[in-house]
Structures are given as C-alpha cells and as structure tokens.
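Structural overview for review
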Amino acid sequence: MFIGEYTHKIDEKGRVALPAKFRGDLASGAVVTRGLDQALYLYTKAEWEEIAERLAALPLSVSHARDIQRMMLAGAVEVEPDRQGRVLLPPHLREHAKLSGEVVVAGLYKRIELWSVDAWSAASQRTEASADEIAEHLHSLGI
C-alpha cells in the first residue's frame, strides 16, 4: 500500500529516489508509464499486469480505447530501484510530466504518482476548490 506525499529531487541522470516506505513493495521491480493530468504512474509489476490486461482487452473499434492503450501501454517502462531506492525515468516520460528539479511523489494506495511541483500544486488547488462536489460524491459512494 502506497500512501503519503513526498518531495524528492530528480538527479542529472533522470533518477528519482522513492520514499523508503515504498521500496519494499517495489523491490521486485515496477512499471512506470504516462498518467493523466501530466503525471507519471508507477505500479508494482503485479498491479501493472492486471491493469495492462484490462487495457489490452479494450475494444479496438473504440477510438478512446485505442488512445488510452497507446498512452499507457506504449509509454510503459519496467524499472528496478537501485540500492538507494532510485528509479531511472526515461526522457520521454520526464518530458510528458515536465519533471526536473523537485518531484512530488504521491502514494495513492495501489499506484504512485510522480508530478512536477507546479503541476501538483495546480492539481491540489483544483481539488480543494471542488471540496463540496467531492464530499457529495464520497457520500454517494457511502464513504
């Protein structure tokens, strides 16, 4: 389980250290891919296999399904944390999320999201501005 919000620096080689609390679940490797809202999504290999199967099963006759397959499946890269818990983010993924300098690493239960500080701040502000709508939605879900 991944929870929490952390800020880490991306180094000159494109590596970012993952929080120590996350490293045990990622020891056998992980997959990082393009996510929504200019973020990257990082999954354990087991979680990725489930998601990739569901994505691959989407109908080819639906253009949005093909788009999401291209975005998430074609952009995916297997990564292995090194001894310092760093993962190498390929240039095409860093460019997608506009990552350089400080990176927000957010644990979202079954996935980790990697954000530029500016994009995370903007997303957080949008979320806070929608607090009433979110509360109504949570209520409708029984939460």
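Note that the structure is a prediction, hence the values are computed from the model and not measured.

**Some thoughts on the nonpolar core**
Here is a general trend for soluble globular proteins: nonpolar side chains tend to be buried in one another's company. The biggest cluster of nonpolar side chains holds 20 residues, and the ones touching the most others in it are Leu42, Leu89 and Leu114. Beyond its immediate chain neighbours, meaning those up to four positions away, Leu42 contacts Leu18, Leu26, Ala30, Val31, Val32, Val79, Val87, Arg111 and Ile112. If you look at the next biggest cluster of nonpolar residues, it comprises 16 residues, including Trp48, Val104, Ala119 and Trp120.

**Describing the pattern of salt bridges**
Here the structure, examined in full by the defined rule, presents six salt bridges. Salt-bridge contacts for Arg111 lead to Glu113; the nearest nitrogen and oxygen are separated by 2.8 Å. Among the ionic contacts, a cluster of salt bridges with common partners joins Lys45, Glu78 and Glu80.

**Section: the packing of aromatic side chains**
Summed over the entire model, instances satisfying the criterion amount to five aromatic pairs. Relative to Phe22, the ring of Phe2 lies with its centre 5.1 Å away and its plane at 75 degrees, an arrangement referred to as edge-to-face. Here the residue Phe2 occupies a position in strand β1 (residues 2-9), and Phe22 occupies one in helix α1 (residues 20-26), the gap between them amounting to 20 residues. Of the two residues, Phe2 and Phe22, neither departs from the other in class, the shared state being buried. Aromatic pair Tyr43 and Trp48: ring centres 5.8 Å apart, planes at 40 degrees, arrangement tilted. The exposure class of Tyr43 is buried, given its relative accessible area of 6%. Among the residues examined, Trp48 registers a relative accessible area of 10% and is labelled buried.

About the cut-offs
Residue numbers restart at each chain and count upward from 1, following the sequence in its written direction. It should be noted that, the model being predicted, local features are given only for residues of pLDDT at least 70 and side-chain atom pairs only at 80 or more, the latter also being counted only at that level, while totals for whole chains, interfaces and linings use all residues. For the side-chain quantities, the full set of heavy atoms in the structure was used; hydrogens and water were omitted. What makes a nonpolar core is a set of buried Ala, Val, Leu, Ile, Met, Phe, Trp, Tyr and Cys residues whose side-chain atoms join them at distances within 4.5 Å. The buried label goes to any residue with under 20% of its type's maximum accessible area, the exposed label to any with over 50%, and the partly exposed label to all in between, with areas taken from a 1.4 Å probe on protein chains only. Note on definitions: a residue-residue contact is assigned when non-hydrogen atoms from the two residues lie within 4.5 Å. A pair is scored as a salt bridge if a Lys or Arg side-chain nitrogen falls within 4 Å of a carboxyl oxygen belonging to Asp or Glu. Here a pair means two rings of Phe, Tyr or Trp (six-membered ring of Trp) with centres within 6.5 Å. Their orientation is stacked below 30 degrees between planes, edge-to-face above 60, and tilted elsewhere. Secondary structure follows DSSP: runs of H or I at least 4 residues long count as helices, runs of E at least 2 residues long count as strands, and numbering of each begins at the N terminus.

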